[in-house]
Amino acid sequence: MESLLLILLLLVSILHWKSFASLSNEKSYFKINSSSIKQARKAFMSFDISRLQDPPMPSYSFSVYHLDIFEKSKFKDYESLLTNRLAQDHARATYLASNSVCISGDPHFHCALSSSLCFYETTYGSGQTTKGFMQSEVITFPSDNTQARINFGCSIDQKSGAQDFSGTFSGIAGLGRRVSPKAIGGYSLPSQLGSSIFALCLPSSTSVQPSVLTFNKAPWSYGTEVKLVRNKLNPHFYNVNIFKIVINDKVVPVDPSWWNNDNQGVIVDTGTLITRFPHDFYIIFRDVFRLEVKDYEIVEDGVGPFDTCYKDDPFGAELYFPVVRFYFGNFSPSQELMLVQERALIENAGYYCLGFFGWNHNFSIIGTNQLQGTGLTFDTKNNVLTFSVDACD
């Protein structure tokens, strides 16, 4: 089954098992004021559905309009339309709650016999907490019109934790490593779908391309193949074996055995934005990077959470920074993942900052800023992760 799922918007929160996703300082902020909201409402209500343009014929594309565009003529104003939509959403939630799925044997779930609801509560590494009830639904894969029933969480409380969830996304897709769906923690999509191969695209922050998630299919024919290493403490995670990290032609002076210890090693996590290194290694890594930046003056005290930043050129000249290379398994070009410019740095309010953090844990996480524009194919049957650079933009 070559199942293709285009992830354009998640309307429900799919339970993710003990992820380190959504770290506390990784939020996006957008300026929205009341006047802009009023203008948007006015423009929406004045939209004339009788003048919707059809695509030219013949055409290989078509226009897509939100259902609310067509329904708005039934309502006198935006608020009444919004009230109706909220009522529909409430009815849908009530229906889902009436068919809750009970999961026993896992301390994250509590089945209330009086209401027949199965409630969950999980806390992420950042302190963010989600609470809700479990439900099941049939999803359809449009590429071959196949269907599968999955269990997922309907979140009703995202604000009880030490940190709130960002308002810039509306759900979490659990993509943890495949285990038996009957085992504790077997709630990820690969586990529920019985898929040993899945792939996803991570478009860059400026890309106009959608993200693509496929199951039972490897959509790219090229890439750096890296061995997946079993994580004994958390078998749902995807661990890789880093051999060396090189900045330009300077090797970060750490023995390869440092990465292969008895802790969780190096985890690839698409729910984490900024790559994390143990603090001691990060200091060595950062200092080598600074020595390789010869033409730009470092900003004293850094910018925000970033400690290695350089001011953008006031005349608009493009700045060039060192190339960071990860080597997995051995010092071979076939085992290299090269991070250039925006994959190594973050542009932040007129500054370019080294896009890595140090933290007080004994394991590392490779995050999505370093993997943007890269296709990732996870093959847990053969224990291989393939990085297909520039496959997504």
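Since this is a predicted model, take the numbers as computed values, not measurements.

I keep staring at the sheet that holds strand E18 (residues 351-354) and nothing clicks. Help me out?
Strand pairing in a sheet is mediated by backbone hydrogen bonds. Such pairs are either parallel or antiparallel. Within the open sheet, the three strands sit side by side as E14-E18-E17. Their pairing is antiparallel. On the outer flanks of this sheet lie strand E14 (309-311) and strand E17 (345-348), each paired with one strand and no other. This sheet shows a mean twist of 25° between the axes of neighbouring strands, independent of strand direction. Against the sheet, helix H5 (residues 279-292) makes contact with E14, E17 and E18, and its axis sits at roughly 135° relative to E18, the strand it touches most.

I tried to follow the state of the cysteines on my own but got confused; where do I start?
By definition, a disulfide links the sulfur atoms of two cysteine residues through a covalent bond. Under the definition given, this model contains two disulfides. One disulfide bridge connects Cys201 with Cys392, the sulfur atoms lying 2.1 Å from each other. Measuring the twist about the S-S bond at about -100°, one finds the Cys201-Cys392 disulfide to be left-handed. Here the residue Cys201 occupies a position in strand E6 (residues 197-202), and Cys392 occupies one in the segment after strand E22 (384-388), the gap between them amounting to 191 residues. Like Cys201, the residue Cys392 is buried in the burial classification. Each disulfide pairs two cysteine sulfurs, and for Cys309 the partner residue is Cys353, the sulfurs being separated by 2.1 Å. Looking along the S-S bond of the Cys309-Cys353 disulfide, the torsion reads about 110°, which is the right-handed sense. With Cys309 in strand E14 and Cys353 in strand E18, this residue pair connects regions lying 44 residues apart in the sequence. The two residues Cys309 and Cys353 agree in class, both being buried.

Quick question: what am I supposed to make of the packing of aromatic side chains here?
To describe a pair of aromatic rings, one takes the distance between the centres and the angle between the planes. Scanning all chains against the criterion turns up 20 aromatic pairs. Considering the side-chain rings of Phe198 and Phe215, the 6.2 Å spacing of their centres and the 35° angle between planes classify their relative orientation as tilted. Of this pair, Phe198 sits in strand E6 while Phe215 sits in strand E7 (residues 211-215), placing them 17 residues apart in sequence. On the accessibility criterion, Phe198 (3% relative accessible area) is buried. Through successive ring pairs, a cluster of aromatic residues spans Phe277, Phe281, Phe285, Phe326, Phe328, Phe356 and Phe387.

Would you take a moment to explain H5 for this structure?
Residues spaced three or four apart along an α-helix point in a common direction, a consequence of the helix completing one turn every 3.6 residues. Between its terminal C-alpha atoms H5 stretches 20 Å, which fits the 20 Å expected from 14 residues at 1.5 Å a residue. Inspection of H5 places Phe281, Tyr282, Phe285, Arg286, Val288, Phe289 and Glu292 among the buried residues, and these make up the whole buried set. Mapping the buried residues of H5 onto a view down its axis gives an arc of 160°, with all of them on the same face. The outward face of H5, more than 90 degrees from its buried face, is lined by the exposed residues Asp280 and Leu291.

Please clarify how a nonpolar patch on the surface should be interpreted in this entry.
A contiguous nonpolar surface patch, about 240 Å² in accessible area, is contributed by Phe47, Ile49 and Phe70. Within the fold, Phe70 resides in helix H2 (residues 67-71).

Would you mind going over the pattern of salt bridges with me for this structure?
As a working rule, side chains carrying opposite charge can pair if their charged atoms are close by. Summed over all chains, the structure comprises six salt bridges. For Lys250, the salt bridge is made with Asp249, and the minimal N-O distance between the two is 3.3 Å. Looking at Lys250, the relative accessible area reads 39%, which means it is partly exposed. Counted as one network, the salt bridges with shared partners bring together Asp249, Lys250 and Glu292.

How should the sheet that holds strand E4 (residues 129-141) be read in this particular structure?
Reading across the sheet, the four strands line up as E2-E3-E4-E5 and stay open at both edges, with antiparallel pairing between neighbours. Edge strands, defined here as strands with exactly one partner in the open sheet, are strand E2 (109-112) and strand E5 (146-157). The sheet shows a mean angle of 35° between the axes of neighbouring strands, direction not considered. Relative to E4, strand E3 (residues 117-123) runs antiparallel, the two sharing five bridges. If you follow Tyr120 over to E4, its bridge partner there is Gly132.

Criteria and cut-off values
- Residues numbered from 1 in each chain as written.
- Predicted model: local features only at pLDDT ≥ 70, side-chain atom pairs only at ≥ 80, totals over all residues.
- Heavy atoms only, no water.
- Pairing = 2+ DSSP bridges.
- Helix = DSSP H or I, 4+ residues; strand = E, 2+ residues; numbered from the N terminus.
- Axes fitted to C-alpha atoms, helices over the stretch in contact; angles between N-to-C directions.
- Contact = heavy atoms within 4.5 Å.
- Disulfide = S-S within 2.5 Å.
- Buried < 20%, exposed > 50% of the residue type's maximum accessible area, 1.4 Å probe, protein only.
- Phe/Tyr/Trp six-rings, centres within 6.5 Å; stacked < 30°, edge-to-face > 60°.
- Expected span 1.5 Å × (residues − 1).
- Arc of directions from axis to C-beta.
- Patch = residues over 30% accessible without salt bridge, like charges linked within 9 Å, V, L, I, M, F, W, Y side chains within 5 Å.
- Areas by Shrake-Rupley, 256 points an atom, 1.4 Å probe, with all protein chains shown as cover.
- Salt bridge = Lys/Arg side-chain N within 4 Å of Asp/Glu carboxyl O.

Just distances and angles here, no functional claims.
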